[in-house]
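Structural overview for review
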Amino acid sequence: MAVTLAPIVLITSGEPVLGDRAVASLRRQLRAADPNTDIVEIDASQYVSGQLEAMLTPSLFGEPRAFFVANLEQVNAPFQEELIAYARAPEPDSVLVLRHNGGQRGKKVLDALKGKVPTYSFDKVKYPNDKAKIVVQDVREAGRKMTADAVDAIVAALGSDLRELLSAVSQLMSDVEGTITEDDVHTYFAGRVEATAFNVADAVVAGRAGKAVELSRHAIATGNSPVAIVGAIATKLRAMAQVLGGRSAKGRPTPKMNNWQASRAKQDLRGWSGQRLAEAIQAIATADAEVKGLSRDPEYALERAIVTICALRS
């Protein structure tokens with residue numbers, strides 16, 4: 001999302017790295033417009049009454065000024081009231097950048113600015129498909145190419161932290177010539193694939209029993225429960241069943257899914273027949289009951305289900 005300068009710019013940032021990028025873009029625009037711009041940082045929690053008016057007073061040499069508030073969610077009472085008053089008639093030759101990083105504090109200012117100043121919102125990026133889109137955008141904007149398998153691999157390896165993920169992509173573009181492939185990702189980030197319930201599920205539907213068992217043990221050792229892992233596998237299988245059922249629905253309504261879920265389910269269906277998918281769903285249903293108390297050894301029940309389901313994929 002491109003951000004542009006204005007007398008007041010509001011950034012609401014649930015995703016820190018995207019908020020940082022927006023702020024950095026505004027700084028570059030200020031320097032490009034006038035290298036002598038005086039950029040002032042204001043701490044919203046330590047603000048002293050009258051400070052904003054004093055800073056807005058023209059300087060001796062008349063250089064342009066910009067004010068950046070990085071923590072509007074920590075705004076104190078004096079600053080809150082003065083910001084609301086200032087927003088009614090901002091200085092046309094100054095720039096005030098307000099960044100709010102979440103929470104209820106500072107909401108009065110947000111409400112006062114709503115619809116009146118340019119606002120850029122960056123929500124928390126949760127889903128792998130959304131992270132992959134940002135990776136593809138970064139690569140495209142750099143004039144580079146990265147294969148779809150490489151994108152999936154880097155998201156799987158470093159997807160829990162978007163900042164680290166995008167830093168890794170930048171490193172790859174710096175170190176690798178030409179199109180970035182899955183092999184390049186494995187070369188630079190071998191051993192970094194994270195063990196989460198969803199990584200286990202991905203390995204299971206791909207029929208990689210050994211990898212799935214290895215990931216499940218690592219996932220449990222790092223705080224994931226057998227119940228959560230079984231739930232992730234069940235979610236995968238249900239999505240695949242929904243897509244498979246939709247192919248033969250003949251006009252009957254089918255459950256709604258997000259586009260990225262449907263696209264991934266279609267990929268996961270490779271190597272699966274309807275009969276074998278049904279058997280896999282039965283196996284995971286049995287495992288669900290076992291890990292929730294029916295079995296004395298939930299971890300063994302999970303691994304048995306993993307091996308059983310992987311064997312069903314052709």
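Our subject in this report is the structure included herewith. All figures in this text were calculated on a predicted structure; none of them were measured in a lab. (Residues numbered from 1 in each chain as written. Predicted model: local features only at pLDDT ≥ 70, side-chain atom pairs only at ≥ 80, totals over all residues. Heavy atoms only, no water.)

A few points about the packing of helix α7 (residues 162-175) against helix α8 (residues 182-189)
At a closest axis distance of 11 Å, the pairing of α7 and α8 adopts a crossing angle of 110°. Comparing their axes, α8 and α7 come out roughly perpendicular. Facing α7, whose interface residues are A168, Q171, L172 and D175, α8 presents D184, V185, Y188 and F189. A breakdown of the residues in the contact of α7 with α8 according to their chemical character gives 5 nonpolar, 1 polar and 2 charged. (Axes fitted to C-alpha atoms, helices over the stretch in contact; angles between N-to-C directions. Helix = DSSP H or I, 4+ residues; strand = E, 2+ residues; numbered from the N terminus. Parallel < 35°, antiparallel > 145°, perpendicular 65-115°, else oblique. Contact = heavy atoms within 4.5 Å. Nonpolar A, V, L, I, M, F, W, Y, C, P; charged D, E, K, R; others polar.)

Some words on the nonpolar core
V135, M146 and I154 are the most contacted members of the largest nonpolar core, which totals 41 residues. Contacts of I154, omitting those with residues within four sequence positions, involve V135, M146, G159, L165, A168, V169, L172, V185 and F189. One finds V200, A201, V204 and V291 within the second-largest nonpolar core, a separate group that totals 36 residues. (Core = buried A, V, L, I, M, F, W, Y, C linked by side-chain atoms within 4.5 Å. Buried < 20%, exposed > 50% of the residue type's maximum accessible area, 1.4 Å probe, protein only.)

Observations regarding a negative patch on the surface
Residues D149, D152, E182 and D183 make up a contiguous surface patch of negative charge. Elements with a contribution of two residues or more to the negative patch: α6 (148-158) and α8. Counting through the fold element by element, D183 comes out in helix α8. Taking the relative accessible area as the measure of exposure, D183 reaches 57% and is therefore exposed. (Patch = residues over 30% accessible without salt bridge, like charges linked within 9 Å, V, L, I, M, F, W, Y side chains within 5 Å. Areas by Shrake-Rupley, 256 points an atom, 1.4 Å probe, with all protein chains shown as cover. Salt bridge = Lys/Arg side-chain N within 4 Å of Asp/Glu carboxyl O. Lys, Arg positive; Asp, Glu negative; His and termini not counted. Charge placed at Lys NZ, Arg CZ, Asp CG, Glu CD.)

Thoughts on the pattern of salt bridges
For the structure shown, the criterion picks out 15 salt bridges. Between D138 and R21 there is a salt bridge; the shortest N-O distance is 2.6 Å. Here the residue D138 occupies a position in helix α5 (residues 128-141), and R21 occupies one in helix α1 (residues 16-33), the gap between them amounting to 117 residues. Of the charged contacts, one joins R27 and E41 as a salt bridge, the two residues approaching to 1.9 Å between their closest N and O atoms. Of this pair, R27 sits in helix α1 while E41 sits in strand β2 (residues 38-42); the two residues are 14 residues apart in sequence, bridging distant segments of the chain. Of the residues examined, R27 reaches a relative accessible area of 28% and is grouped as partly exposed. Salt bridges sharing partners connect three or more residues here, namely D202, K236, R264 and D268.

Some thoughts on α6
Considered for burial, the residues of α6 that qualify are A150, V151, A153, I154, V155, A157 and L158. The secondary structure elements touched by the buried residues of α6 are α5, α7 and α8.

Considering helix α14 (residues 298-312)
A rise of 1.5 Å per residue sets the reference length of α14, with its 15 residues, at 21 Å; its end C-alpha atoms lie 21 Å apart and thus fit the reference within 8%. Those residues of α14 that fall on the buried side of the exposure criterion are A301, L302, E303, A305, I306, I309, C310 and L312. Where α14 is buried, its residues touch α9 (197-205), α10 (209-221), α11 (226-247) and α13 (274-294). (Expected span 1.5 Å × (residues − 1).)

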